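# Architecture and fold: a report
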Amino acid sequence: MKALQDKIRQDGIVLSDQVLKVDSFLNHMVDPQLMLEVGQEFVRRFEGVTFDKVLTLESSGIAPAVMTALTLQVPLVFARKHKSLTLKDDLYVETVYSFTKQVHNEITISRKFLAPGERILIIDDFLAYGEATFGMARIIESAGATVAGVGIVIEKSFQDGARRLKEAGYRVESLARIASLGEQKVTFLP
Ligand code: G4P
Ligand code: NA
Ligand code: NA
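Not measured: the values here are computed from a predicted model.

Once that is clear, we can look at the side chain of S60. Tracing the backbone through its elements, the reader meets S60 in the loop between β3 (53-57) and α3 (62-72). Since its relative accessible area comes to 17%, S60 is described here as buried. A distance of 3.1 Å separates polar atoms of two side chains, one belonging to S60 and the other to N27. If we skip the residues at most four places from it in the chain, S60 touches L26, N27 and D125.

Here we come to unusual backbone geometry. The step from E58 to S59 runs through a cis peptide bond, and the omega angle for that step is -5°. Position of S59 relative to the elements: it lies in the loop between β3 and α3. Look at Q184: it is not a glycine, yet its phi comes out positive at around 55°. With respect to the secondary-structure elements, Q184 resides in the loop between β9 (172-180) and β10 (187-188).

This brings us to the site of ligand 1. For ligand 1, the set of nearby residues contains 22 residues, the closest of which are L20, S60, K81, T100 and K156. Between E131 and ligand 1, the recorded distance is 2.9 Å, taken from a backbone N or O atom to an oxygen atom. A132 places a main-chain nitrogen or oxygen 2.9 Å from an oxygen atom of ligand 1. Burial of ligand 1 by the protein chains amounts to 86% of its free accessible area of 720 Å². Looking at the shell around ligand 1, the elements with two or more residues in it are β5 (91-98), β7 (119-127) and α4 (131-142).

Each protein donor to the sodium ion (ligand 3) is listed here as D124 (OD) and D125 (OD); together their distances run 2.3 to 2.8 Å. The class for D124 is buried, based on a relative accessible area of 6%.

Time to look at the packing of aromatic side chains. Using the criterion set out here, one finds four aromatic pairs in the structure. Measuring from centroid to centroid gives 5.0 Å for Y97 and F99, while their planes differ by 85°, and the two rings are edge-to-face.

The subject of this paragraph is the UniProt feature "binding site: 5-phospho-alpha-D-ribose 1-diphosphate" (unreviewed entry) in the protein chain. When the UniProt feature table is mapped to this numbering, "binding site: 5-phospho-alpha-D-ribose 1-diphosphate" (unreviewed entry) covers A128, Y129, G130, E131 and A132. From the list above, the largest pocket is lined by A128, Y129, G130, E131 and A132. Here A128 lies in the loop between β7 and α4. A relative accessible area of 14% places A128 in the buried class. Excluding residues that lie within four positions of it along the chain, A128 makes contacts with T100, K156, Q159, D160 and G161. Those residues in contact with Y129 that sit more than four places away from it in its chain are Q18, F99, Q159, D160, G161 and R164.

Owing to its 3.6 residues per turn, the α-helix aligns residues three or four sequence positions apart on the same side. Among all positions in helix α1 (residues 2-11), only L4, Q5 and I8 are buried. Considered in projection along α1, the buried side chains sweep an arc of 100° and stay on one side of the axis. Facing away from the buried side of α1 by over 90 degrees, the exposed positions are K2, R9 and Q10. At its buried positions, α1 is contacted by β2 (20-21), α2 (32-45), β8 (146-156), β9 and β10.

A few words now on the nonpolar core. Among the nonpolar cores identified, the biggest contains 32 residues, and L4, I8, L20, I154 and V186 are the most heavily contacted of them. Setting aside its immediate chain neighbours within four residues, L20 contacts I8, G12, I13, V14, F126, I154, I178, L181 and V186. Residues Y92, I107, A132 and I140 belong to the second largest nonpolar core, which totals 27 residues.

About the thresholds
Every chain is numbered independently, its residues counted from 1 as its sequence is written. Labels are handed out in written order, letters beginning with A for the chains and numbers beginning with 1 for the ligands. Whole-chain, interface and lining totals are the exception, using all residues; otherwise, since this is a predicted model, local features are given only for residues with pLDDT of at least 70 and side-chain atom pairs are given and counted only at 80 or more. No hydrogens and no water enter the side-chain calculation; it runs on all heavy atoms of the structure. Helix and strand definitions follow DSSP, with helices as H or I runs of at least four residues and strands as E runs of at least two, each counted in order from the N terminus. Three exposure classes are used, based on accessible area relative to the maximum for each residue type with a 1.4 Å probe and protein chains only: buried under 20%, partly exposed in between, and exposed over 50%. Any pair of nitrogen or oxygen atoms within 3.5 Å is treated as a polar contact; in protein, a donor-acceptor pairing is required on top of that, and neighbouring residues in sequence qualify only through side-chain atoms on both sides. Between two residues, a contact is recorded if the distance between any of their heavy atoms is within 4.5 Å. In these notes, residues near a molecule or strand are those with any non-hydrogen atom within 4 Å of it. Exposure was quantified through the Shrake-Rupley algorithm and a 1.4 Å probe, taking into account, for residues, occlusion by the shown protein chains and nothing else. Distances up to 2.8 Å from the metal define which N, O and S atoms are donors, and 3.2 Å serves for Na, K and Ca; water is absent from the atom set, so sites may look incomplete. Planes of paired rings set the category: under 30 degrees apart is stacked, over 60 is edge-to-face and the rest tilted, where pairs are Phe, Tyr or Trp rings (Trp by its six-membered ring) whose centres lie within 6.5 Å. UniProt positions are given in the numbering used here, feature names are shortened, and annotations may be inferred rather than shown by experiment. Only protein atoms enter the calculation, which uses a 1 Å grid: trapped sets of points that fit a 1.4 Å probe without letting it out are cavities, open sets showing protein on both sides within 12 Å along at least five of seven lines are pockets, and any residue with an atom within 4 Å of a point is a lining residue. Working note: the arc is built from the helix axis to C-beta atom directions. Note on terminology: a nonpolar core comprises buried Ala, Val, Leu, Ile, Met, Phe, Trp, Tyr and Cys residues joined through side-chain atoms within 4.5 Å.

Pasting the structure below:
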């Protein structure tokens, strides 16, 4: 997606050969027009596939996911990272390890927001090793629902999340695919 690549080139900050900072349009300040175009592009790429809901993980997945859900005219559910105060019986819970931050997070979704047979589109802002996406997929499948697609705003293709998700049989559509963050610059896959 050209507008997204241009924005990453213009405003992204290469923090290291592993981490790209995009807090001026995605992770802190949000560019709503670009997020709308991101949502529309996901819908175009998954044309012909039906979805009942969009699922993401708070917080940075919400902006692109809500625009995708708006365009599809379906609800958005975001998995939460904070432990809920309500009874765990009402929740799906998965533990997700973040290699980037080296912490385990518990992610939760209320049982009432996922139903058996539903077809779910997972959206996330970044794909690194795929741990967050696999955690959401485990919850979807334990609810008897189906992962009908995975949409990623920025895939770091030099980490192995995309490969692992495709090997597990999921269809992954990434709008920007980064081959390398070496030499303090962003190199996209062709
Ligand atoms: P994984 O799910 O693909 O295995 O990724 P990982 O655990 O390594 O990522 C942990 C957090 O770091 C996620 O955000 C993810 O979006 C983010 N992240 C991973 N790589 C990058 C990167 O190169 N740049 C930026 N800006 N973020 C990256 P999170 O902890 O869920 O935070 P948030 O959604 O509240 O922003
Ligand atoms: Na993030
Ligand atoms: Na994220």
